[in-house]
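Coordinates in review
Spelled out, the chains give:
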Amino acid sequence: MKKYIKKAAAVIAVAGIALSTAACSSGNKTVASYKGGKITQQEYYDEMKKSQSGKTALANMLINHILEQQYGDKVSKKQVDKQYNNYKKQYGNQFEAVLQQNGMTVSSFKQNLKTNLLSEAALKDIKKISKSQEEKAWKAYQPKVTVQHILVSKKSKAEQITAELKNGKSFKSLVKKYSLDTGTKNNAGKLPAFDSTDTSLDPSFKAAAFKLKTGETTKSPIKSQSGYHIIRMIKHPAKGTFASHKKEIDNQIYQTMSQDQQTMHEVISKVIKKAGVDIKDKDLKDVLAAYVSTPSTKK
């Protein structure tokens, strides 16, 4: 989640930063007081707009409002809740602690999820996928496979287990006896079905799995960031036709595009220009400059 949170657009609610004349008319309202003095909304506003954090907050607020206005009908509460529940399930009892470590609340994290979904909607509206992109992605595509695995910390232990399998021991019994993957240990080491678009599994694990035919087991240990794996293929279906996997292919292409900074810069720039933003405070005129300017590219 830490990686995700860094990528997600941060929504920073800063009191006092507003574009309406109402903020100016009530600028003498007290924000905080102390013995012999006070800080008014206007003083707070004047100070915040000088800081980079204040400008960043306004930029984020504007972008979120604009995305919501243009693509709000494309993102439902149900979609946000589904992603939120997936993260909550993934981190289990540690979920609240991870949120706190990243300075986030349930509300702000859900807002980040929604912002990402809105950005994806904008990407799909503005950037259209070409036939050549689909052909390239289809060439590398692997359909969903189902595997079971045994995870251990040492290569020698994995080699020992491989030998036991050759001697007739059942995969299920060895999972129960040796596997360190507590999430799959009680289900014979079975993982949820995955295809080549999956980003949660180690690339070396996926590459080894895709080489197996149904019923086959890896002949040597597969190393990943988690340790060493013995993988058995439960079901490896035929690739099928492009038409039957077009949705997954297009989603994979858009996922790759969403991770490209220059592409997303172009998308957000077009969204902002379409909105016709007019910033009234001359000291804040440049808050969106980084988003609408043309990024420099390496030659």
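Residues numbered from 1 in each chain as written. Predicted model: local features only at pLDDT ≥ 70, side-chain atom pairs only at ≥ 80, totals over all residues. Heavy atoms only, no water.

Observations concerning the sheet that holds strand E4 (residues 222-223)
- With antiparallel pairing, 3 strands are arranged side by side in an open sheet as E3-E5-E4. Single-partner strands in this sheet number two, and they are strand E3 (146-152) and E4.
- Sheet topology places E4 next to strand E5 (residues 228-235); 2 bridges connect them, and they run antiparallel. By the bridge assignment for E5, Lys223 is matched with Tyr228.
- Sheet contacts for helix H10 (residues 171-178): E3 and E5; angle to E3, the most-contacted strand, approximately 40 degrees.
- Lying on the sheet, helix H11 (residues 203-210) is in contact with E3, E4 and E5; it crosses E5 at an angle near 40 degrees. (Pairing = 2+ DSSP bridges. Helix = DSSP H or I, 4+ residues; strand = E, 2+ residues; numbered from the N terminus. Contact = heavy atoms within 4.5 Å. Axes fitted to C-alpha atoms, helices over the stretch in contact; angles between N-to-C directions.)

Notes on the packing of aromatic side chains
- Inspection of every chain in the model, using the stated rule, returns 8 aromatic pairs.
- On the basis of an interplanar angle of 65 degrees and a centroid distance of 6.1 Å, the ring pair of Phe95 and Phe109 is categorised as edge-to-face. Residue Phe95 is located in helix H6 (residues 95-101), and its partner Phe109 is located in helix H7 (residues 106-126); the two are separated by 14 residues in the primary sequence. Like Phe109, Phe95 is buried.
- Three or more aromatic residues joined by ring pairs make a cluster, and in this case those are Tyr84, Tyr87, Phe95 and Phe109.
- Residue placement shows Lys239 over the ring face of Trp138; its charged tip is 4.5 Å from the ring centre. (Phe/Tyr/Trp six-rings, centres within 6.5 Å; stacked < 30°, edge-to-face > 60°. Buried < 20%, exposed > 50% of the residue type's maximum accessible area, 1.4 Å probe, protein only. Lys NZ or Arg CZ within 6 Å of the ring centre and 35° of its normal.)

Let's talk about a nonpolar patch on the surface
- A cluster of nonpolar side chains, namely Val31, Tyr34 and Ile39, defines an oily patch on the protein surface of about 290 Å² accessible area.
- Examined against the element boundaries, Ile39 turns out to sit in strand E2 (residues 37-40). (Patch = residues over 30% accessible without salt bridge, like charges linked within 9 Å, V, L, I, M, F, W, Y side chains within 5 Å. Areas by Shrake-Rupley, 256 points an atom, 1.4 Å probe, with all protein chains shown as cover. Salt bridge = Lys/Arg side-chain N within 4 Å of Asp/Glu carboxyl O.)

Description of the pairing of E3
- With 7 of its 7 residues buried, E3 lies for the most part within the structure.
- Here E3 shows no split at all, with Thr146, Gln148, Ile150 and Val152 on one side and Val147, His149 and Leu151 on the other all buried.
- Relative to E5, E3 is paired through 7 bridges, and the arrangement is antiparallel. Each bridged residue has a counterpart across the sheet, and for Val147 the counterpart in E5 is Met233.

Describing the pattern of salt bridges
- One pass over the full model with this rule turns up 11 salt bridges.
- With a shortest N-O distance of 2.9 Å, Asp283 and Lys49 are connected by a salt bridge. Residue Asp283 is found in the loop between helix H13 (261-275) and helix H14 (289-292), and its partner Lys49 is found in the loop between helix H3 (41-48) and helix H4 (52-71); the two are separated by 234 residues along the sequence.
- Of the residues examined, Asp283 reaches a relative accessible area of 39% and is grouped as partly exposed.
- Residue classification places Lys49 among the buried positions, given a relative accessible area of 12%.
- One salt bridge connects Lys127 with Glu266, and the closest N-O pair in it is separated by 2.7 Å. With Lys127 in the loop between H7 and helix H8 (131-140) and Glu266 in helix H13, the pair connects residues that are 139 residues apart, well separated along the chain.

With respect to the side chain of Thr184
- Secondary-structure assignment places Thr184 in the loop between H10 and H11.
- Take Thr184: its relative accessible area is 6%, and that puts it in the buried class.
- Thr184 has contacts with His149, Gly189, Lys190 and Leu191, leaving out every residue within four places of it along the chain.

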